[in-house]
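Report on the structure
Here is how the chains run, residue by residue.
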Amino acid sequence: MSRKTTLVFYSEFDSFEHWSAFLRPHLPHVNICSAEEVTDPDQVRYALVWKPPHGFFARYRHLQLLVNLGAGVDSLVGRDDLPAIPITRLSDPNMARMMAGYVLFAVLRYARDIPAFERAQRERHWHYLHPRLPSSIRVGVLGLGELGSYAAQELERQGFDVRGWSRTPKTFAGVTCVSGMATLNDFLASSDILIVMLPLTPQTRGLLDEKRLACLPRGGAFINVSRGAIVDQRALTAALMSGHLSGATLDVFDHEPLPAQDPLWGLDNVLITPHLASVAIPATAAAQVADNIKRVSSGESVLNQVFPGRGY
Ligand code: NDP
């Protein structure tokens, strides 16, 4: 039996074959196996997991590092069965680029009035709307982390009037940054297009309730690419039906898959995508998983650490 230290992989969504193929060249001295393949749990030092079942970690008494197989950690940090070891998450520039691509598409679609042209085309109607200057459109990014800051800077390069909101103060060239709850309502009121890029935490759950959605300018557009539960989905639906919001691009929902009877499906000012704005890419993210494993094994501090007490 091999005495190599072991990395255990668990995900019902990601391919073990892909991840192990990209990890092995970086970790030739680590035995990489799926949870079913582990023969000696005491050799398991590292876990690369996405939504493992409750009690999963108890078997691995010598775990030293837990890697969340994704950027969002809301399904992990609230658990009561986490071992007291460093927890990291994926934070890959390629994920940020893929997310920024989705966000740019959604913002440009509103900025260039594409939904109006789609409607006009269905009616065979030549509907001229003079293009607006990007600098006249205020785009608000809620959350200036790995993904939000990248998207905000891409939007700034497109010439939009970009504003960002975070918990602690941030500075990015060309982006007007504010922080803290006291600034939120004014921030919403000055966002013609709002993009939600916050993690789901006890503080952000239900943050965008009916009152806060009402702060958005009449006719504004709404984009959510982080977590559905940050927004009161009923209030959002009502705002879209009343015309207070002109449109929404939604990649995430309270309940996924979005139930077939949900009224959002029937609104023609809503674009729905099935939670794929960005995904973990083993070809590039494997290197950072391996790097953190090497750091832990040589007693160094890890990168992209998650703090369960903070919620992200
Ligand atoms: P980060 O943890 O890097 O950044 C989070 C940002 O939100 C930070 O700027 C942080 O502020 C801010 N924030 C957190 N809590 C608060 C608060 N209470 N008030 C104000 N600001 C707050 O996250 P990422 O950018 O990597 O990812 C964001 C989310 O995107 C993930 O949590 C995940 O849910 C989602 N996601 C969605 C995907 C999809 O396909 N739809 C794919 C990948 C991720 P500060 O900077 O001060 O800490």
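Residues numbered from 1 in each chain as written. Predicted model: local features only at pLDDT ≥ 70, side-chain atom pairs only at ≥ 80, totals over all residues. Heavy atoms only, no water.

Structural notes on the site of the ligand
- With respect to spatial proximity, 31 residues lie near the ligand, and among them R89, T168, K170, V225 and Y312 are the closest.
- In the environment of the ligand, a nitrogen atom lies 2.8 Å from a nitrogen or oxygen atom belonging to the backbone of V225.
- For the ligand, an oxygen atom lies 2.9 Å from a polar atom in the backbone of S278.
- Contact with the protein chains removes 93% of the 940 Å² of surface that the ligand exposes when unbound.
- Take the shell around the ligand: its biggest share by element is three residues, from helix α5 (residues 146–157).
- In the shell around the ligand, the residues fall into 14 nonpolar, eleven polar and six charged.
- Split by domain, the shell around the ligand shows at least three residues from each of two domains, domain 1 (6–92 + 280–306) and domain 2 (96–272). (Near = heavy atom within 4 Å. Polar contact = N/O pair within 3.5 Å; in protein donor to acceptor, adjacent residues only side chain to side chain. Areas by Shrake-Rupley, 256 points an atom, 1.4 Å probe, with all protein chains shown as cover. Helix = DSSP H or I, 4+ residues; strand = E, 2+ residues; numbered from the N terminus. Nonpolar A, V, L, I, M, F, W, Y, C, P; charged D, E, K, R; others polar. Domains from an automatic or database assignment.)

Some points on the pattern of salt bridges
- Counted by the stated rule, this structure contains ten salt bridges.
- For R227, the salt bridge is made with D74, and the minimal N-O distance between the two is 2.8 Å. Pair noted here: R227 is in the loop between β10 (220–224) and α8 (233–242) and D74 is in helix α2 (residues 74–77), with a separation of 153 residues, a long-range link.
- Given the relative accessible area of 26%, D74 is considered partly exposed.
- Here E118 ties to R109 by a salt bridge, and the two come within 3.1 Å at their closest N and O atoms.
- Residue class for E118 comes out partly exposed when judged on its relative accessible area of 35%. (Salt bridge = Lys/Arg side-chain N within 4 Å of Asp/Glu carboxyl O. Buried < 20%, exposed > 50% of the residue type's maximum accessible area, 1.4 Å probe, protein only.)

With respect to the sheet that holds strand β3 (residues 44–49)
- If you trace the six strands from one edge of the open sheet to the other, you get β2-β1-β3-β4-β5-β13, paired in mixed fashion. Of all the strands in the sheet, just β2 (31–34) and β13 (305–306) have a single pairing partner and so form its edges.
- Where strand β4 (residues 65–68) lies against strand β5 (residues 87–89), three bridges are found, and the strand directions are parallel. Bridge pairing in β5 links V67 to T88.
- Relative to β2, helix α1 (residues 16–23) is tilted by about 175°, and along the sheet it contacts β1 (6–10), β2 and β3. (Pairing = 2+ DSSP bridges. Contact = heavy atoms within 4.5 Å. Axes fitted to C-alpha atoms, helices over the stretch in contact; angles between N-to-C directions.)

Comments concerning the packing of aromatic side chains
- For the structure shown, the criterion picks out four aromatic pairs.
- Grouping aromatic residues by their ring pairs yields a cluster made of Y10, F56, F57 and Y60.
- Here R109 stacks its cationic end above the ring of Y110, 5.7 Å away from the centre of that ring. (Phe/Tyr/Trp six-rings, centres within 6.5 Å; stacked < 30°, edge-to-face > 60°. Lys NZ or Arg CZ within 6 Å of the ring centre and 35° of its normal.)

Some details on the nonpolar core
- Counting residues in each nonpolar core, the largest one holds 29 residues, and the members touching the most others are L142, L194, L208 and F222.
- Broken down by secondary-structure element, the contributors of at least two residues to this core are α6 (184–189), β9 (193–196), α8 and β11 (245–250).
- The dominant element in this core, judged by the number of residues it contributes, is α8, at four residues.
- Not counting chain neighbours up to four residues away, the residues in contact with L142 comprise W165, L184, F187, L188, L194, I195, V196, M197, L198 and L208.
- Judged by nonpolar contacts, the second largest core, of 27 residues, contains Y102, V162, V175 and M197. (Core = buried A, V, L, I, M, F, W, Y, C linked by side-chain atoms within 4.5 Å.)

Things to note about α5
- Taking 1.5 Å per residue as the helical rise, α5 with its twelve residues ought to reach 16 Å, and the 17 Å between its terminal C-alpha atoms agrees with that figure.
- Next to the buried residues of α5 lie α3 (93–111), β6 (138–142), β7 (161–166) and β9.
- Downstream of α5 by one or two residues, G159 has phi in the positive range, about 95°. (Expected span 1.5 Å × (residues − 1).)

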